[in-house]
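Tertiary structure, described
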Amino acid sequence: MFDKVRETVIKFITSRVVIVSAVLICAAVGLIYRLFNLQIINGETYLDSFQLRIRKEKDIAAARGNIYDRNGNLLAYNELANSVMIEDVWETGSGKNAAMNSTIDMLLDIIEKNGDSPDNSFSIAVDNDGNYEFTVSGNSLLRFLADIYGHSSINDLLYEEKTKNADEVIADLCENYGIGGYEEDDSETFVPGLGYDSQRVLEMVTVRYNMNTNSYQKYIDTTVASNVSDKTVADVMENADILDGVSIEESTARKYVDSKYFSHLLGYCGKISEDELATLSATNSDYNMNDIVGKLGIEQAMESVLQGKKGSETLYVDNTGQLIETSSYIDPIAGNDVYVTIDKDLQIACYNIIEQSLAGILISKIQNIKSFTTTENTDASDIVIPIYDVYYAMFDNNIIDWDHLSAEDAKTNEVNVYNQYLSKKETVYNKLNDELTVTCTPYENLTKEYQVYESYIAAMLYSDGILDSNKVDREDETYIAWTTDEVISLSEYLHYAIASNWVEVSKLSLDNQYADSEEIYNHIVDYIFAEIDSDSEFQTKFFKYMLADDMITGTQVCNVLLEQETVTLDDEELSLWNASGETAYTFMINRISNLDITPAQLALDPCTGSMVITDVNSGDVLALVSYPGYDNNKMANGVDAEYYASLRSDNSNPLYNYATQQRTAPGSTFKMVSATAGLMEGVINTDSTITCVGSYSKIYGSPRCWIYPSAHGALNVSGGIRNSCNYFFYEVGYRLGLVDDSYDSDTGLEKLKKYADLYGLTETSGIEISESEPSVSTMDAVRSAIGQGTNSYTTVGLARYVTTVANSGTCYNLTLIDKTTDSSGNLLEEYNATVRNEIDMPDAYWNAIHTGMRQVVEDKSYYKDLAVNVAGKTGTAQESSNRANHALFVCYAPYESPEIAIATRIAYGYTSSYAAQITKEAIEYYFGLTDQDEISEGSAQELQGGEVNAD
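Notes on the structure in this doc start here. For clarity, every value in this text was computed on a predicted model and none was experimentally measured. (Residues numbered from 1 in each chain as written. Predicted model: local features only at pLDDT ≥ 70, side-chain atom pairs only at ≥ 80, totals over all residues. Heavy atoms only, no water.)

A few points about the pattern of salt bridges
Considering all chains together, one arrives at 39 salt bridges under this definition. Across the pair D105 and R200 runs a salt bridge, and its minimum N-O distance is 2.4 Å. One end of the pair, D105, is in helix α2 (residues 96–113); the other, R200, is in helix α6 (residues 198–213), and 95 residues separate them in sequence. No difference in accessibility class separates D105 from R200, as the two residues are buried. Residues R648 and E133 are paired through a salt bridge, measuring 3.1 Å at the closest nitrogen-oxygen approach. Highlighted residues: R648 in helix α24 (residues 641–649) and E133 in strand β7 (residues 132–134), separated in sequence by 515 residues. (Salt bridge = Lys/Arg side-chain N within 4 Å of Asp/Glu carboxyl O. Helix = DSSP H or I, 4+ residues; strand = E, 2+ residues; numbered from the N terminus. Buried < 20%, exposed > 50% of the residue type's maximum accessible area, 1.4 Å probe, protein only.)

Considerations on unusual backbone geometry
Omega for the peptide link from Y627 to P628 comes to 0°, which places this bond in the cis form. Structurally, P628 is set in the loop between β20 (621–627) and α24. With an omega of 15°, the peptide bond running from Y708 to P709 counts as cis. Among the structural elements, P709 can be located in the loop between β21 (690–692) and β22 (713–715).

Considering the packing of aromatic side chains
Geometrically, a pair of aromatic rings is defined through the distance of the ring centres and the angle of the planes. A full pass over the atoms with the stated rule returns 41 aromatic pairs. With a centroid separation of 4.1 Å and an interplanar angle of 10°, the aromatic rings of F395 and F543 are classed as stacked. Placement of the pair is F395 in helix α13 (residues 387–396) and F543 in helix α19 (residues 536–548), with a sequence separation of 148 residues. Relative accessible area serves as the criterion here: at 0%, F395 is assigned to the buried category. Overall, F543 belongs to the buried group, its relative accessible area being 0%. With 6.4 Å between their ring centres and 55° between their planes, Y479 and Y493 make a pair best called tilted. A residue pair is termed long-range when its members are at least 10 positions apart, and Y479 in helix α16 (residues 477–483) and Y493 in helix α17 (residues 490–499) qualify at 14 residues. The residues Y479 and Y493 share a single accessibility class, namely buried. Here K365 stacks its cationic end above the ring of Y910, 4.3 Å away from the centre of that ring. (Phe/Tyr/Trp six-rings, centres within 6.5 Å; stacked < 30°, edge-to-face > 60°. Lys NZ or Arg CZ within 6 Å of the ring centre and 35° of its normal.)

What about the nonpolar core?
Among the nonpolar cores identified, the biggest contains 215 residues, and I298, M394 and M588 are the most heavily contacted of them. Considering each element in turn, this core owes the most residues, 11 residues, to helix α12 (residues 344–365). Beyond its immediate chain neighbours, meaning those up to four positions away, M394 contacts I399, I400, V557, L561, M588, I597 and L602. The next biggest cluster of nonpolar side chains, apart from the first, holds 42 residues, and it includes M100, I110, M211 and A225. (Core = buried A, V, L, I, M, F, W, Y, C linked by side-chain atoms within 4.5 Å. Contact = heavy atoms within 4.5 Å.)

Considerations on the side chain of E573
Looking at the element boundaries, E573 is found in helix α21 (residues 571–578). Looking at E573, its side chain comes within polar contact range of the side chain of N590, at 3.1 Å. Not counting the four nearest positions on each side in its chain, E573 is found in contact with E582, N590 and R591. (Polar contact = N/O pair within 3.5 Å; in protein donor to acceptor, adjacent residues only side chain to side chain.)

Some details on the packing of α2 against α6
At a minimum axis distance of 10 Å, the contact between α2 and α6 shows a crossing angle of 120°. Looking at the two axes, α2 sits oblique to α6. For the pair α2 and α6, the crossing hand works out as right-handed. Mapping the contact onto sequence places N97, M100, N101, I104, D105, L108, D109 and E112 in α2 and R200, E203, M204, V207, R208 and M211 in α6. (Axes fitted to C-alpha atoms, helices over the stretch in contact; angles between N-to-C directions. Parallel < 35°, antiparallel > 145°, perpendicular 65-115°, else oblique. Left-handed = near helix turned anticlockwise from the far one by under 90°.)

See the structure below:
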């Protein structure tokens, strides 16, 4: 019985195997016929053409959603564009690298010849001197290095990998990819990058690295350049027979309207990084290394909404990459649209107001003198700007293209200035060489000019790793003699560093690893001169002293600006200038006044500013302004490398969001927190008074009120705010710290922090884009009560705080997002600011605070003619004794029924009076009291001088 069953089972299985095998064979035969284009005619098989068919699954990118302002004005959108793609179609072998590199180099030539730029998503850039530098730092840099060296975690990085500089990383990649060559007299030693300039090496490395990251996906294209011109498309197509693996693909380019006004808010898009891929793939597996994602701002914060869903299709190509057939097409689904709470026109107006006002401040502070030196007795409000600093700024912030000074078509003044530069350079080099090898003057005995040079050289040696900061003993007497006492020469210090093994000799081109100390020193000297000769920052310093020594004049600087067409004059002024009827001082003042040269270009204090305006009844952010901005169109669709390098070297730091990232002490704008703490903790009430006598003697150092040697006399809490009386709030801080009649600063600090928290000052403001964490003071309750100590807040953080004051206690998590819709305009989600907390405080207390703030503004003469009543508080914060104070102003309006709150900060803006006047201009615009055309005219706004320390 058992045998029969077994026989039946075996027959059954065998029959099924035969059937399955037959099916598989038929499928295989069908695949072979399909792959090789075999045809059956009258029962005979013919090879129509021996054509290998390769199947590729291609993603079709979805159109990214648009971004609009609260009123439906377009801020970001897409345009149809073409991208240059490349695919690894080369056979593995000894000649693969050379073939790939040759094709990529040829392709880059075509792209750049037509004015296009290759995409740059790599975390290394080329600076203005042609040197490599990392564009990320901290953990982001370690993550980048881990990706480069094939580690899944930064913890797996070897010490020598994590300490490599950008040059070393590029050299390693060049060696991996065969980018470089061999010297004619040395056929064994590979020289990374040989035969290419540094920018081309970086471009080739970027393409090869991106191709490598896609290598696990066979037949996946890599983007080389986005949004290329029709000419590039035509040239690539024309050379298709020699550009193996290269193709043109239809795509979209991200575009931004009025970009400089919204760049910090919107951010920009770019090619996804491996770090971003890991993060985004955790919630959406559709992402790959070719995707374009939001890098900063709203683009990054709303990535999941804007991105859309990819489509796909199946492609069949031959062995040369030519398309044969397509199938299985699935349409992409466009991303959704985002509406922000920002009012476009308000944002633009406030930006222009800040720029024009900064120009006005600068004009009021520029004097026709050569130099100005601060002392320990110099009041910050007395700091002025010598006109010679303005002349020097033309070189220092690259307003003058000083590379063009030596160009073949350089004009008369350019040539003269360049010849003087060469003469100065020779003098400085000779003197430095003498100091390093013969004279060896102690640092303290050097002139200020040569102290600057030697300090720069020492810092460079540390930065480049020649002097290893990890080995340096900072308690060593010789180290102290150089850094603190300044009684030895740089030569002595370097000789000592060599003897103490503080020098990383592996970074020097030593022929003999057992070189003696003098040979090492000579190599350091050679290294110094080689480096400073190609260091534009060092070379630029010469112009400061050339101007001071009258080797070049202000008139020559002005003429160079005209020769390079950096500025132009109207016929009347040009005629006056050519007739020597206008001084160089007047020429420059006119350029700044007309914004021919902007405060950002000058990069002299003050050159930056920020303003945040909120709806106090909803927590919506109506304007979030950071000056200066930048053109995010040049950062999207493949970073414009030259433009990016110029932004990174710009002394005004336009990439920095001054509204959300910059933190400074709040100054007296903090006093409403202290007033709240005093009232709620019962150490003062609305009727009690504190008598200001000028100097506060209850703590060490006897801090003074700003009015000292005068005094305010007896003040209640409203009067304390109105007069910004430091003495009043010193006493409040002191009382908050009392424990059984003994003063304890920590107790006072804890109470101040409690109420700072109620105003949202212990956390970021809630907006959707990145923001620096605030810092509530942890030292000296008495001084912290007037906004000193270690208090440090962003402008947007102060905006949330004054919003809470304005609406009497509702602290919002502010929002920048109004709503989202689909691409057809159908509402998907409405966004609202959430309430973080409520401050439950008696109306009498709120009234006292509001009254004091209203009286602050009533006392400002420049607010007298304003048709809207405003309540506010000024603040001045000192950061450096050698620079002007930061200027701050927070306010709300109308006083009777608040609609908006504003926080304004002008870094190094001298006096809070300037911040208050700038804010007044914004209020006038918001309430329709000024003409938009007046703000858009583009000329400096004259401001009234501020009350000295009156805040």
